[in-house]
Amino acid sequence: MAGRAGMSEPAITHDAEKRRYSLVVDGVEAYLTYERPAAGRMHITHTIVPDSVGRRGLGRKLVKRAVGDAIAAGDKVSSECWFASALMDKNAEWAPHLA
């Protein structure tokens, strides 16, 4: 998928062992962390986007990917991260999957 000025979008990586989604833009990492409090549950703890790469929709992309993966796996999702919680509350399609 093309991004600004024809540049390709940065790839989001998922490290299940570290419970972390991340992407690197301009050499700077943005990331989302989560916990697995129970089988079939994902609990988002933090979404971190450094100021130097902020205002590019990176946090939104990370949350969408994490929630999308959880839904695809049949998991319920909750969050203590204000940013992820706000996005989750605004997306009616996600409502049946929230814990």
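Residues numbered from 1 in each chain as written. Predicted model: local features only at pLDDT ≥ 70, side-chain atom pairs only at ≥ 80, totals over all residues. Heavy atoms only, no water.

When the terminal C-alpha atoms of helix H1 (residues 58–72) are compared, their 21 Å separation across 15 residues agrees well with the 21 Å that a helix rising 1.5 Å per residue should span. The complete set of buried residues in H1 reads Leu58, Gly59, Leu62, Val63, Ala66, Val67 and Ala70. For H1, the angular spread of buried residues about the axis comes to 160°, placing them on one side. In this structure, the buried residues of H1 make contact with strand E2 (20–25), strand E3 (28–35), strand E4 (41–48), strand E5 (76–79) and helix H2 (82–90). In the stretch just after H1, Gly74 is the one whose phi turns positive, near 80°. (Helix = DSSP H or I, 4+ residues; strand = E, 2+ residues; numbered from the N terminus. Expected span 1.5 Å × (residues − 1). Buried < 20%, exposed > 50% of the residue type's maximum accessible area, 1.4 Å probe, protein only. Arc of directions from axis to C-beta. Contact = heavy atoms within 4.5 Å.)

This part takes up the nonpolar core. If you look at the biggest cluster of nonpolar residues, it comprises 21 residues, and the most contacted ones within it are Tyr21, Leu32, Met42, Ile44, Val63, Val67 and Met88. Broken down by secondary-structure element, the contributors of at least two residues to this core are E2, E3, E4, H1 and H2. For this core, the element with the highest residue contribution is H1, accounting for six residues. Setting aside chain neighbours within four positions, we find Val67 in contact with Ile44, Val77, Met88 and Trp94. (Core = buried A, V, L, I, M, F, W, Y, C linked by side-chain atoms within 4.5 Å.)

Let us look at the packing of aromatic side chains. Applying the stated criterion across every chain yields a total of two aromatic pairs. Measuring from ring centre to ring centre gives 5.8 Å for Tyr21 and Tyr34, while their planes differ by 45°; the resulting arrangement is tilted. Note that Tyr21 is positioned in strand E2 and Tyr34 in strand E3, a separation of 13 residues in sequence. Measuring from centroid to centroid gives 5.7 Å for Trp82 and Phe83, while their planes differ by 90°, and the two rings are edge-to-face. (Phe/Tyr/Trp six-rings, centres within 6.5 Å; stacked < 30°, edge-to-face > 60°.)

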